[in-house]
Amino acid sequence: MSVALVTGAAGLIGGQSVRFFAEKGFDVAGVDNDMRRVFFGPDASTLWQRQELERSVKNYFHFDTDIRDRDAMAKVFARYAKNIAVVIHTAAQPSHDWAASDTMTDFTVNASGTLVLLELARAHCPDAPFLFLSTNKVYGDTPNR
C-alpha cells in the first residue's frame, strides 16, 4: 500500500492533491483541522470540502489534527511509516494581513508546523519526497520570477 500524506487536505491545493493521488491508486491520509474557520470565520470553513472528500474518495482517511501537535502528528506518521510514498504539505496560515494581527500563531502554523512535519518525515519515511506547496495568495507572484 502506497500512502500519500496530505496536510491542509480540505483546502484548495490539498483537496486537489487528495483527488490526484487517490486517482493514481494511493491511499491518502489527509490532515486538516479547519483552522481556516479560526482565521477567517465560519464562512471560510473547509468542513464542506472534508465531507466531500470523505464521501467521494474511497481510499481517503481523514485526521482532524493540528500540524503543530508533534505527538498527534507522530501517531499519523507512525500509522503509515514506510508506506508513506510522498508528503504533500499545503497546510498554512495564508494571509499576510491576518499574520500582522497574530504573529505568533502565524509563525507556529507556518514555521513550527512545517518543522514538525519535516522531522517526522525524516524519522518515519526518509525516502519519501516532501512537497511544500502554496498559492500566490501567500507569497504573491515573486517566487515565480
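Structure first, text after, so check above.
Draft legend 1. Layout of the overall build of the protein. The helix and strand tally for the protein stands at seven helices and five strands. Within the span of the protein, comprising 145 residues, buried residues form 46% of the whole. The contacts in the protein between residues at least 6 apart in sequence include a share of 73% that link residues at least 24 apart. Within the structure as shown, the protein displays about 8000 Å² of accessible surface, and the carbon and sulfur contribution to it stands at 53%.

Draft legend 2. The pattern of salt bridges, seen in detail. For the coordinates displayed, the defined rule picks out six salt bridges. Between D34 and R37 there is a salt bridge whose closest N-O contact spans 3.6 Å. On the accessibility criterion, D34 (12% relative accessible area) is buried. One salt bridge in this structure joins E52 and R55, with 3.1 Å as the shortest N-O distance. Remark: R55 and E52 occur in helix α3 (residues 47-56); sequence separation between them is three residues, near one turn of the helix. Among the residues examined, R55 registers a relative accessible area of 62% and is labelled exposed. Several salt bridges share partner residues, and in doing so they unite R50, E54 and D64 into one network.

Draft legend 3. How the structure looks around the pairing of strand β1 (residues 3-7). Summarising burial for β1: five of the five residues are buried, a large majority. By the bridge criterion, five bridges tie β1 to strand β2 (residues 27-31) in an arrangement that is parallel. By the bridge assignment, V3 is partnered in β2 with D27. The parallel pair β1 and β2 is bridged by helix α1 (residues 12-23), and the resulting crossover is right-handed.

Draft legend 4. Structural view of the nonpolar core. By size, the foremost hydrophobic cluster in this structure holds 20 residues, and its most contacted members are L5, V31, M73, F77, I84, V87 and C125. Of all the elements in the fold, those that place two or more residues in this core are β1, β2, α4 (70-80), β4 (84-89) and α6 (103-124). No other element matches α4, which puts five residues into this core. Apart from the residues within four sequence positions on either side, M73 is in contact with V31, T65, D66, I67, V116, L117 and L120. Residues A9, V28, V57 and Y60 belong to the second largest nonpolar core, which totals 13 residues.

Draft legend 5. Here's a closer look at α1. The end-to-end C-alpha separation of α1 is 17 Å, in line with the 16 Å expected for 12 residues at 1.5 Å each. The set of residues buried in α1 consists of G14, G15, S17, V18, F21 and A22. Seen from one end, α1 has its buried residues packed into an arc of 160°, which puts them on one side. Every exposed residue of α1 that faces more than 90 degrees away from the buried side is listed here: L12 and E23. Buried residues along α1 sit against β1, β2, α3, β3 (60-63) and β4. Phi turns positive one or two residues past the end of α1, at G25, with a value near 95°.

Draft legend 6. Seen up close, the side chain of T65. Mapped onto the elements of the fold, T65 is located in the loop between β3 and α4. Beyond its immediate stretch of four places on either side in the chain, T65 contacts V31, D32, N33, A72 and M73.

Thresholds, definitions, all that
Residues numbered from 1 in each chain as written. Predicted model: local features only at pLDDT ≥ 70, side-chain atom pairs only at ≥ 80, totals over all residues. Heavy atoms only, no water. Helix = DSSP H or I, 4+ residues; strand = E, 2+ residues; numbered from the N terminus. Buried < 20%, exposed > 50% of the residue type's maximum accessible area, 1.4 Å probe, protein only. Contact = heavy atoms within 4.5 Å. Areas by Shrake-Rupley, 256 points an atom, 1.4 Å probe, with all protein chains shown as cover. Salt bridge = Lys/Arg side-chain N within 4 Å of Asp/Glu carboxyl O. Pairing = 2+ DSSP bridges. Right-handed = clockwise from strand over helix to strand, strands pointing away. Core = buried A, V, L, I, M, F, W, Y, C linked by side-chain atoms within 4.5 Å. Expected span 1.5 Å × (residues − 1). Arc of directions from axis to C-beta.

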